[in-house]
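# Working through the structure, step by step
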2 protein chains.
Amino acid sequence: MGRVSDAKQRLMDAVLELIWSGSYGSTTIDNICEKAGVKKGSFYYFFDSKSELAAEAFEESWKTKRIELDSIFSPTVPPLERLNKYFDFGYKFQREIKAKHGRVLGCPQVTLGSEICTQEDALQKKIQGIMDQKRKYVESAIRDAHAAGEIHAPDAGAKARMLLAYYEGLLTQARIQNNVEVLREAHSGILTILGVKETAAA
Amino acid sequence: MGRVSDAKQRLMDAVLELIWSGSYGSTTIDNICEKAGVKKGSFYYFFDSKSELAAEAFEESWKTKRIELDSIFSPTVPPLERLNKYFDFGYKFQREIKAKHGRVLGCPQVTLGSEICTQEDALQKKIQGIMDQKRKYVESAIRDAHAAGEIHAPDAGAKARMLLAYYEGLLTQARIQNNVEVLREAHSGILTILGVKETAAA
DNA sequence: AATATAATAGACCAATTAGTCAACTACTAT
DNA sequence: ATAGTAGTTGACTAATTGGTCTATTATATT
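Treat the numbers as computed from the prediction; the structure is a model and nothing was measured.

Cut-offs and rules
- Residues numbered from 1 in each chain as written.
- Chains lettered and ligands numbered in written order.
- Predicted model: local features only at pLDDT ≥ 70, side-chain atom pairs only at ≥ 80, totals over all residues.
- Heavy atoms only, no water.
- Helix = DSSP H or I, 4+ residues; strand = E, 2+ residues; numbered from the N terminus.
- Buried < 20%, exposed > 50% of the residue type's maximum accessible area, 1.4 Å probe, protein only.
- Contact = heavy atoms within 4.5 Å.
- Areas by Shrake-Rupley, 256 points an atom, 1.4 Å probe, with all protein chains shown as cover.
- Lys, Arg positive; Asp, Glu negative; His and termini not counted.
- Charge placed at Lys NZ, Arg CZ, Asp CG, Glu CD.
- Near = heavy atom within 4 Å.
- Polar contact = N/O pair within 3.5 Å; in protein donor to acceptor, adjacent residues only side chain to side chain.
- Core = buried A, V, L, I, M, F, W, Y, C linked by side-chain atoms within 4.5 Å.
- Least-squares fit on C-alpha atoms with pLDDT ≥ 70 in both.
- Buried area = accessible area lost by both parts, 1.4 Å probe.
- Salt bridge = Lys/Arg side-chain N within 4 Å of Asp/Glu carboxyl O.
- Phe/Tyr/Trp six-rings, centres within 6.5 Å; stacked < 30°, edge-to-face > 60°.
- Expected span 1.5 Å × (residues − 1).
- Axes fitted to C-alpha atoms, helices over the stretch in contact; angles between N-to-C directions.
- Parallel < 35°, antiparallel > 145°, perpendicular 65-115°, else oblique.

Along chain A, the regular secondary structure elements total 10 helices and 0 strands. Listed by position from the N terminus, the elements making up chain A come as α-α-α-α-α-α-α-α-α-α. In terms of overall dimensions, chain A has a C-alpha envelope of 60 × 40 × 30 Å along the principal axes. Scored against the burial criterion, the 202 residues of chain A give a buried share of 50%. Long-range contacts, defined as pairs at least 24 residues apart, comprise 62% of the intrachain contacts of chain A with a sequence gap of at least 6. Here chain A has roughly 9600 Å² of accessible surface; of this, 51% comes from carbon and sulfur atoms. Counting 28 positive and 27 negative side-chain charges, chain A places the averaged centre of each group 1 Å from the other.

This is the structure we're talking about:
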């Protein structure tokens, strides 16, 4: 009962875009409200602070992202193909973002995490939790590939950490340089890290 | 002639520490002045804005960092040893930082670059210039190692980009997780990327 | 010692910011 | 239809922010 509204959702959408396309620090509550078309009184009706909104928004956004990832990393798909599709998806996604925003924006979690980790404890934990989950997709694909004898990776966790450190490093470079083409090297880099023969899988 | 002072230097030191231990956005001119023990009137005597100060501070800091790197990457040192020393230095450095600040702070350039690249154009260019120079150290070591037949890396530039994407990805993870031990995997990761037999060089 | 000047001090302003509040509105369940 | 409730509004405060300006101080040179 009572009045209904999607203002909460609009606030979450707005904060994600503003943080991603700019930064956490440069995103003010007034900014968020304006972008969401919501008055400040309503902001404080739904949230206590910018960091609380950001945490909820990242959580909510992760929930929908998981659905995509569940599909990409479906165990019915051959493990190396899962990884290929994932990284290829990342490239195409960043290209879309560049076309839409005029900027390569990289990985929202890494960008935000790196900015706020020394200052916003709750938010940092939320981000880290999401990144831990994301790593599990990669880890299980690597484990399956190893089990299938397609790669040699007895420590799937370590290999997944390495692969993601590399890939997220690339995404960060792409963001800083505003250049998607940085990501074109991802494919051969990933093969190197996984120890796959390049000609065979390419 | 006229009055002498190290206030300009103190401002540059202060801004570097505040940005690194926190973020660009959370660092205010008042903060910087307080930390440097400099009044705001003096701030604006030396600099026009926070971003100008940051750009000069990063430039100045890079100049001294280069001296260290010139030593580590001296062509008199065997190429793979240069790389080993560089990454090993990074680990020890981050451990010192953690002991001193209670936090792992990662790479200042990547952290700042990722935060401000969509908003502060001059600063972004400055950061990118520094990162380009940094890559050249790694690139020449890789080229020398390839020439010596110690690794197979016909495209030294590509290998350097890959190595740094990985390493900076790791540093970012270490920062976000506030955990130096993340960097312990760097050594074996680097060997994998360089294609060196792990037992031979470890 | 006098002078020009590099640097400092700190009061000041205007704009922006986070956050509050009480009155109001629309909707839903009964 | 009406009562209770979920959501809205906008004006308000207090604090912080970036930025300016003028008077003052210290020092290196002559």
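Further remarks concern the protein's contact with DNA strand D. Around DNA strand D, the structure places 20 residues, and the nearest of them are Met1, Arg3 and Ser5 of chain A together with Arg3 and Lys40 of chain B. Each atom of DNA strand D within 4 Å of the protein belongs either to a base or to sugar and phosphate, the latter forming 61%. Between DNA strand D and Tyr45 of chain A, the relevant distance is 3.2 Å, taken from a phosphate oxygen to a side-chain nitrogen or oxygen of the residue. Taken together, the elements giving at least two residues each to the surface near DNA strand D come down to α3 (40-46) of chain A together with α2 (29-36) and α3 (40-46) of chain B.

Membership of the largest hydrophobic core comes to 134 residues, with the highest contact counts inside it found for Leu83 and Ile142 of chain A together with Leu83 and Ile142 of chain B. Leaving out residues up to four positions away in the same chain, Ile142 of chain A has contacts with Leu83, Ile151, Ala153, Ala156, Lys159, Ala160, Leu163 and Leu194 of chain A.

All right, on to the relation of the copies chain B and chain A then. Overlaying chain B with chain A gives an RMSD of 0.0 Å, the required rotation being 180° about an axis along which the chain moves by 0.0 Å. With respect to symmetry, the two chain copies, as superposed, fit the operation of a two-fold axis. Mapped onto chain A, 100% of the interface residues of chain B are again interface residues, and the two copies thus contact each other with one and the same surface.

With that settled, consider the protein's contact with DNA strand C. Looking at DNA strand C, there are 19 residues lining it, with Arg3 and Lys40 of chain A together with Met1, Arg3 and Ser5 of chain B nearest. Expressed as a percentage, the sugar and phosphate content of the atoms of DNA strand C within 4 Å of the protein is 68%. Between Ser5 of chain B and DNA strand C, the recorded distance is 2.6 Å, taken from a side-chain N or O atom to a phosphate oxygen. The contact in question runs from a phosphate oxygen of DNA strand C to an N or O atom on the side chain of Tyr45 of chain B, over 3.3 Å. Counting only elements with at least two residues in the surface near DNA strand C, the list comes to α2 (29-36) and α3 of chain A together with α3 of chain B.

Turning our attention to the interface of chain B and chain A. Each partner contributes to the interface: chain B provides 37 residues, whereas chain A provides 37 residues. Summed over both sides, the interface between chain B and chain A buries roughly 3000 Å², with carbon and sulfur atoms accounting for 57% of that surface. Three residues stand out in chain B for area buried against chain A, namely Thr118, Met162 and Ile176 of chain B, and they jointly supply 19% of the buried area on that side. The interface formed by chain B and chain A contains 2 salt bridges. The salt bridge partner of Glu185 of chain A is Arg161 of chain B, with a shortest N-O separation of 2.6 Å. Inspection of the region where chain B meets chain A yields 16 residue pairs in polar contact (both at pLDDT 80 or more). For the side of chain B that touches chain A, the elements supplying multiple residues, two or more each, are α6 (108-116), α7 (121-147), α8 (156-177) and α9 (186-194) of chain B.

Residue and element names in this part refer to chain A. Applying the stated criterion to the full structure yields 24 aromatic pairs over all chains. Aromatic pair Trp20 and Phe93: ring centres 6.0 Å apart, planes at 20°, arrangement stacked. Remark: Phe93 occurs in helix α5 (residues 79-101) and Trp20 occurs in helix α1 (residues 7-21); sequence separation between them is 73 residues. Classification of Trp20 as buried rests on a relative accessible area of 12%. Taking the centre distance of 5.9 Å and the plane angle of 10° together, the rings of Phe89 and Phe93 count as stacked. You can see Phe89 and its partner Phe93 sitting in helix α5, 4 residues apart, about one turn around the helix. Look at Phe93 and you get partly exposed, because its relative accessible area is 28%.

Residue and element names in this part refer to chain B. In this structure the tally under the stated criterion is 28 salt bridges over all chains. Measuring nitrogen to oxygen at the nearest pair gives 3.4 Å for the salt bridge that ties Lys85 to Glu81. One end of the pair, Lys85, and the other, Glu81, are both in helix α5 (residues 79-101), 4 residues apart, so they sit about a helical turn from each other. Lys85 sits in the partly exposed class, given a relative accessible area of 43%.

Let us now look at α7 of chain B. Given 3.6 residues per turn, any residue in an α-helix points the same way as the ones three and four places further on. Given a rise of 1.5 Å per residue, 27 residues ought to cover 39 Å, and the 38 Å separating the end C-alpha atoms of α7 of chain B matches this to within 8%. Looking one or two residues past α7 of chain B, Gly149 of chain B carries a phi angle of roughly 75°, positive in sign.

All names here are of chain B. Packing of helix α1 (residues 7-21) against helix α4 (residues 50-72) leaves a shortest axis separation of 9 Å and a crossing angle of 95°. Comparing their axes, α4 and α1 come out roughly perpendicular. Taking contact as the criterion, the partners of Lys8, Gln9, Leu11, Met12, Val15, Leu16 and Ile19 in α1 are, on α4, Leu53, Ala54, Glu56, Ala57, Phe58, Glu60 and Ser61.

Our next topic: the environment of Arg161 of chain B. Assignment of secondary structure puts Arg161 of chain B in helix α8. Exposure remark for Arg161 of chain B: the relative accessible area of 35% places this residue in the partly exposed category. C-alpha of Arg161 of chain B to C-alpha of Lys136 of chain B: the two residues are 25 residues apart in sequence and 9.6 Å apart in space. Setting aside residues up to four positions removed in sequence, Arg161 of chain B forms contacts with Glu185 of chain A together with Arg135 of chain B. Among the polar contacts made by the side chain of Arg161 of chain B, one reaches the side chain of Glu185 of chain A at a distance of 2.6 Å.

Just distances and angles here, no functional claims.
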